[in-house]
Amino acid sequence: MMDLSAAYLPIENRREFMVNSLKVKENVIFYDSSILHIQLYNDDQPVQTSLDGPDEEFNKAIVTMRYQMSILPSNKVETVLVDQLWRWENKEWFVIPDLDTFLK
């Protein structure tokens, strides 16, 4: 779903993402992914959350993802943790990608 993911990138990151995402699609087999943790921030200050949700407005999130994957030509399944940066800008959420994790 990398092609669809480009819509969540800031416009200045989309071209590089599309070029590098092809390398990821050709070299990585994803078996599973899950969200392990989400930390919310308002202007780089952590936001506390309760069962009712966040205690204040937030404009940034760090989402810790766990991926089960194999990087070809290996068939060994690896577990990789990735912190994704999400930002609220111009009334939209954008992710700042780091595909290097998947290209090592």
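Here is a short report on the structure shown in this document. What you see is a predicted model, and the numbers here were worked out from it, not measured in a lab.

**Here we look at helix H2 (residues 11-27)**
Thinking step 1. Taking 1.5 Å per residue, 17 residues should reach 24 Å; H2 reaches 25 Å between its end C-alpha atoms and fits that length.
Thinking step 2. Every buried residue of H2 is accounted for by Phe17, Asn20, Ser21 and Val24.
Thinking step 3. Lining the buried residues of H2 we find helix H1 (2-5), strand S1 (28-42) and helix H3 (100-103).

**Some details on the pairing of strand S6 (residues 78-89)**
Thinking step 1. Pairing of strand S5 (residues 60-71) with S6, which is carried by 10 bridges, proceeds in the antiparallel orientation. Note on S6: the bridge partner recorded for arginine 66 is leucine 81.
Thinking step 2. Taking the residues that link successive antiparallel strands as the turn, the S5-S6 hairpin has six residues.
Thinking step 3. As judged from the five bridges shared by S6 and strand S7 (residues 92-96), these two strands associate in the antiparallel manner. Of the residues in S7, the one forming a bridge with glutamate 89 is glutamate 92.

**Structural notes on the nonpolar core**
Thinking step 1. Ranked by internal contacts, the top residues of the largest apolar core, which has 19 residues, are Phe17, Val24, Val28, Tyr67, Met69, Leu99 and Phe102.
Thinking step 2. Elements with a minimum of two residues in this core: H2, S1, S5 and S6.

**Some thoughts on a negative patch on the surface**
Thinking step 1. A cluster of like negative charges, contributed by Asp52, Asp55, Glu56 and Glu57, occupies part of the molecular surface.
Thinking step 2. Looking at the secondary structure, you find glutamate 57 in the loop between strand S4 (53-54) and S5.
Thinking step 3. According to the relative accessible area criterion, glutamate 57 is exposed, its value standing at 64%.

**What to know about unusual backbone geometry**
It is generally the case that most residues other than glycine have a negative phi and that most peptide bonds are trans.
Thinking step 1. In this chain, leucine 72 is followed by proline 73 through a cis amide linkage whose omega measures 15°.
Thinking step 2. Considering the arrangement of structural elements, one finds proline 73 in the loop between S5 and S6.
Thinking step 3. Phi at aspartate 44 takes a positive value of approximately 70°, unusual for a residue other than glycine.
Thinking step 4. Here aspartate 44 lies in the loop between S1 and strand S2 (45-46).
Thinking step 5. Here asparagine 90, not a glycine, exhibits a phi torsion of approximately 50°, which is positive.
Thinking step 6. Within the secondary structure, asparagine 90 is located in the loop between S6 and S7.

**Some details on the sheet that holds S1**
Thinking step 1. Strand order in the open sheet formed by five strands is S2-S1-S5-S6-S7, with antiparallel pairing between adjacent strands. Each edge of the open sheet is held by one strand with a lone partner, namely S2 and S7.
Thinking step 2. Against the sheet, H2 engages S1, S5 and S7, with an angle of about 140° to S1.

Cut-offs used in this document
- Residues numbered from 1 in each chain as written.
- Predicted model: local features only at pLDDT ≥ 70, side-chain atom pairs only at ≥ 80, totals over all residues.
- Heavy atoms only, no water.
- Helix = DSSP H or I, 4+ residues; strand = E, 2+ residues; numbered from the N terminus.
- Expected span 1.5 Å × (residues − 1).
- Buried < 20%, exposed > 50% of the residue type's maximum accessible area, 1.4 Å probe, protein only.
- Contact = heavy atoms within 4.5 Å.
- Pairing = 2+ DSSP bridges.
- Core = buried A, V, L, I, M, F, W, Y, C linked by side-chain atoms within 4.5 Å.
- Patch = residues over 30% accessible without salt bridge, like charges linked within 9 Å, V, L, I, M, F, W, Y side chains within 5 Å.
- Areas by Shrake-Rupley, 256 points an atom, 1.4 Å probe, with all protein chains shown as cover.
- Salt bridge = Lys/Arg side-chain N within 4 Å of Asp/Glu carboxyl O.
- Lys, Arg positive; Asp, Glu negative; His and termini not counted.
- Charge placed at Lys NZ, Arg CZ, Asp CG, Glu CD.
- Axes fitted to C-alpha atoms, helices over the stretch in contact; angles between N-to-C directions.

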